Amino acid sequence: MARKYILGISCYYHDSAAALVCDSEILGAAQEERFTRKKHDAAFPVNSIRFLLDNFKITMNDVESVVYYEKPFITFERLIETHLNAAPYGIKPFLASMPVWIKEKLFLERDIKKHIKSVSGDFVPPIKYSEHHLSHASSAFYPSPFHKAAVLCVDGVGEWATSSAWVGDGKDLKPLWEIHFPHSLGLLYSAITAYLGFKVNSGEYKVMGLAPYGEPKYLNQMSELIFLHDDGSYSLNMKYFSYDTKLKMFNSKLEQLFGRAGRTGESQLDQFHMDIAASLQAILEKALFHVVGHLQKATGLDNLCLAGGVALNCVANAKLFAATGFKKIWVQPSSGDAGGALGAALAYTHLDLKTERIISPEDSQKGSYLGPEYSDAEIEDYLSKESIPFEKLSQKEMLEKTCSLLENKKVIGWFQGKMEFGPRALGHRSIIGDARVLDLQKTMNLKIKYRESFRPFAPIILEEDSPKIFEFEHASPYMLFVAPLKKEFRKSMTKDDETKFGIEKLNVVRSDFPAITHVDYSARLQTVNKSRSPLLYELLQNFKARNNTSVLVNTSFNVRGEPIVCTPADAYRCFRRTEIDALILGNYVITKDMKLPEMADTDWRNEFELD
């Protein structure tokens, strides 16, 4: 029986991607930004598709169908209806969006075929269409370890849906309800993100990181923005928002509500902004607990799957265990639009082709290590061509060298195996360090990542060690849950420490692992086991044998505004442009004290726009 390859694609909004599924197995997936080096690239994923075809040694003739992750005509219908209902106030965004829609979105199938022909020659498989929230729901349920589960998708907006609930059972996935635009938890969070001076669709995670520096002093005002209804749904008070009719997320009424104008980007953050962030996080959690609690009671199920951009809020995710009746939660690692490409392929595989699921006890996401990888031979070929000096080691020697560098407080660019799919670096395209080093968080933020000083870093830890150090009994392989550090690892605060507020809290040493402990004693946790990432697991084991701890810092291998590195060349360029001490590509080690060739452009700001 011929294998049925299904190619899923998402593009033209943000975070373009492609994914390849065959007979229920997720083969590979990648975001276009990793190849083009343009963050959140929305362009058709030509490079991602080429990678998938080349990597799995197939052609477009082997692909049964190409599935686009949503139905653009329904989205077009929403835009028309929304603008007409807002007339004459909606005329400006209407005129701004229509040329793009007429040129690109309404002729989407023609455009898809044109790009596929650029990859394949003349053959174009049948083009199918999923729905936006169906794609999200499929990406959450089908790779999960559950035979049966409730599924919740929460994002900005799809065609009409902004939140939707489903029940997955075997290969079936059935809708329960959905909430429609303009009422949206994702757009509420984005509107306040804009009010705080961060970019929509990229700055939301900064707001989540800023929240612990503040207190939810504006929770009453936040409560004016959203109504929670007895049936488990919600609606927004639209008098404070403008995203439905204008080219702005919020209006002057929101500024009056909080008593202050919105912040402009890159200007000074103060305690007010931190308190707004804390208040926003609190109202989001209250709304999510309301929705998820009703969903659990309605379905009576123990398992929950999450997707959509809001599912990347790892602070809220961790609290869902205690706040609702769900006992197990699985979150799609690529919960945003990029994951829609994977969901579209899975939806068609199971709902249209009726292919039975292959359910893995952990999950079927393969650690989300689904992108390109480079052999030692390919790495050495690149280094030799560029005349870059290196030390070639066996794998055992490389791990010993890495541990030695970490023990000497060095920061390492770590490039191994298959690239991650999704916004998190999960130990294959990472910058790593010793979590016990006192000023490492500040050093990595200001001298390596070149980002805001308040931003926290995540720990990686052996899965079996995690419950001994963190107050969290669940595995967290995808860095999608925040966990408090156990009290025995916390440092006592002095009276002077307790008087600090805002960014001053950064200067307080809070635990035995200061580089990964946020100001509220929490950490965005990644647990590592041998089956998902054997090399990373071995590194942590070796480090533990030498230092009696398996906790390391893990952050994405990039600078601010840059996509996570994809190729050895990307990794070397980032290494040279920052104060990373050592670069480990496969079994090849490069350090800054080697005689490295001159680089023409060492300032990353000439290439990447601040996010």
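In this numbering scheme, every chain counts its residues from 1 along its sequence in written order. Two thresholds apply to this predicted model, a pLDDT of at least 70 for residue-level local features and 80 or more for giving and counting side-chain atom pairs, whereas whole-chain, interface and lining totals are computed over all residues. Excluded from the side-chain calculations are hydrogens and water; all other atoms, namely the structure's heavy atoms, are used.

**Looking at the pattern of salt bridges**
Here, a salt bridge means any Lys or Arg side-chain nitrogen found within 4 Å of an Asp or Glu carboxyl oxygen. Evaluated as defined, the whole model comprises 24 salt bridges. D23 is paired through a salt bridge with R3; the nearest N and O atoms lie 3.6 Å apart. Residue D23 is found in the loop between β2 (17-22) and β3 (25-31), and its partner R3 is found in the segment before β1 (5-10); the two are separated by 20 residues along the sequence. In this structure R3 comes out as partly exposed when scored by relative accessible area, which is 43%. E131 serves as the salt-bridge partner of K71, at 3.6 Å between the closest nitrogen and oxygen. Taken together, the residues span a long stretch of sequence, with K71 in the loop between β4 (63-68) and α3 (72-85) and E131 in the loop between β5 (127-129) and α6 (132-141) at a distance of 60 residues. Strands are runs of DSSP state E lasting at least two residues, helices are runs of H or I lasting at least four, and both sets are numbered from the N terminus onward. Per-residue accessibility, obtained with a 1.4 Å probe over protein chains only, is compared with the maximum for each type, and a residue is labelled buried under 20%, exposed over 50%, and partly exposed between these values.

**Overview of the environment of A42**
Mapped onto the fold, A42 is located in the loop between α1 (33-36) and α2 (46-55). A sequence separation of 32 residues divides A42 from S10, and the C-alpha atoms of the two residues are 8.5 Å apart. Residues count as neighbours in contact if any of their non-hydrogen atoms are within 4.5 Å of one another. In contact with A42, other than residues within four places in its own chain, are C11, Y12, Y13, H14 and S16.

**Thoughts on helix α20 (residues 568-577)**
Among the 10 residues in α20, eight count as buried, and that is most of the element. Listed as buried for α20 are P568, D570, A571, Y572, C574, F575, R576 and R577. Looking at the packing, one finds that the buried side of α20 touches α1, α14 (376-385), β14 (412-415), β20 (582-585) and β21 (588-591).

**A short note on the packing of aromatic side chains**
Only Phe, Tyr and Trp rings are paired, with Trp represented by its six-membered ring, and only when their centres lie within 6.5 Å; those with planes under 30 degrees apart are stacked, over 60 edge-to-face, the remainder tilted. Using the criterion set out here, one finds 20 aromatic pairs in the structure. Plain terms: the ring middles of Y12 and F44 are 6.5 Å apart, the flat faces sit at 45° to each other, and that makes the pair tilted. Taken together, the residues span a long stretch of sequence, with Y12 in the loop between β1 and β2 and F44 in the loop between α1 and α2 at a distance of 32 residues. F44 shares its class with Y12; the two are buried. Between the aromatic rings of Y68 and Y69, the centroid separation amounts to 5.2 Å while the plane-to-plane angle is 75°, which identifies the pairing as edge-to-face. In this pair, the class of Y68 matches that of Y69, namely buried. The ring of Y521 carries R510 above its face, with NZ or CZ at 5.5 Å from the centroid. Only lysine NZ and arginine CZ atoms are considered, and such an atom sits over a ring when it is within 6 Å of the ring centre and within 35 degrees of the ring normal.

**What to know about the nonpolar core**
What tends to happen in soluble globular proteins is that the nonpolar side chains get buried as a cluster. The set of buried Ala, Val, Leu, Ile, Met, Phe, Trp, Tyr and Cys residues whose side-chain atoms join them within 4.5 Å is what this entry labels a nonpolar core. Counting 179 residues, the largest nonpolar core has L7, I192, L225, F258 and L304 as the members making the most contacts within it. Here the element with the most residues in this core is helix α11 (residues 271-299); it accounts for 13 residues. In terms of nonpolar packing, the next biggest core, distinct from the first, is built from 22 residues, L462, L536, L540 and L552 among them.

**Quick notes on unusual backbone geometry**
Cis rather than trans, the peptide bond between F181 and P182 has omega equal to 15°. Even without glycine at this site, S24 takes up a positive phi of about 85°. Of note, S24 is situated in the loop between β2 and β3. Here K354, not a glycine, exhibits a phi torsion of approximately 60°, which is positive. Looking at the secondary structure, you find K354 in the loop between α13 (337-352) and α14.

**Describing the packing of α2 against helix α5 (residues 108-120)**
The packing of two helices is summarised by the inter-axis angle and the distance between the axes. Viewed as axis vectors pointing N to C, α2 and α5 meet at an angle of 40°, and their least axial separation amounts to 10 Å. Judged by the inter-axis angle, α2 sits oblique to α5. α5 is crossed by α2, and the crossing has right-handed handedness. For the pair formed by α2 and α5, the contact residues are V46, I49, R50 and L53 on the first element and H115, S118 and V119 on the second. In this analysis an axis means a line fitted to C-alpha atoms, helices contributing only their contacting stretch, and an angle means the value between N-to-C directions, from 0 to 180 degrees. Orientation is classified from the angle alone, with under 35 degrees giving roughly parallel, over 145 giving roughly antiparallel, 65 to 115 giving roughly perpendicular, and any other angle giving oblique. Left-handed describes a crossing whose near helix is turned anticlockwise from the far helix by less than a right angle; the clockwise case is right-handed.

**Remarks on a positive patch on the surface**
Nonpolar side chains (Val, Leu, Ile, Met, Phe, Trp, Tyr) are joined into patches within 5 Å and like charges within 9 Å, using only residues with over 30% relative accessible area and no salt bridge. Accessible areas in this description were obtained via Shrake-Rupley with a 1.4 Å probe; residue shielding takes into account the shown protein chains only. Charge counting follows a simple rule: Lys and Arg are positive, Asp and Glu are negative, and His as well as the terminal groups are ignored. A charge is said to be at NZ when it belongs to Lys, at CZ for Arg, at CG for Asp and at CD for Glu. On the surface, K239, K246, K248 and K253 cluster together into a positively charged patch. By the element assignment, K239 lies in the loop between β10 (234-236) and α10 (252-258).

**What to know about the environment of R260**
On the secondary structure map, R260 appears in the loop between α10 and α11. Ignoring anything within four residues of it in the chain, the contact list for R260 reads Y195, E255, D270, F272 and H273.

**Comments concerning the sheet that holds β20**
Criterion used throughout: strands pair if DSSP finds at least two bridges between them. The mixed open sheet is built from nine strands, whose spatial order is β13-β21-β20-β14-β15-β19-β16-β18-β17. In this open sheet, the two strands that pair with only one neighbour each are β13 (391-392) and β17 (481-484). Of the pairings in the sheet, the one linking β13 to β21 comprises two bridges and is antiparallel in character. By the bridge assignment for β21, K392 is matched with Y588. Helix α12 (residues 314-323) contacts β17 and β18 (522-528) of the sheet and is inclined by roughly 70° relative to β17. Contacts between helix α16 (residues 440-448) and the sheet are confined to β15 (429-434) and β19 (552-556), with β15 contributing the most and set at about 140° to the helix.

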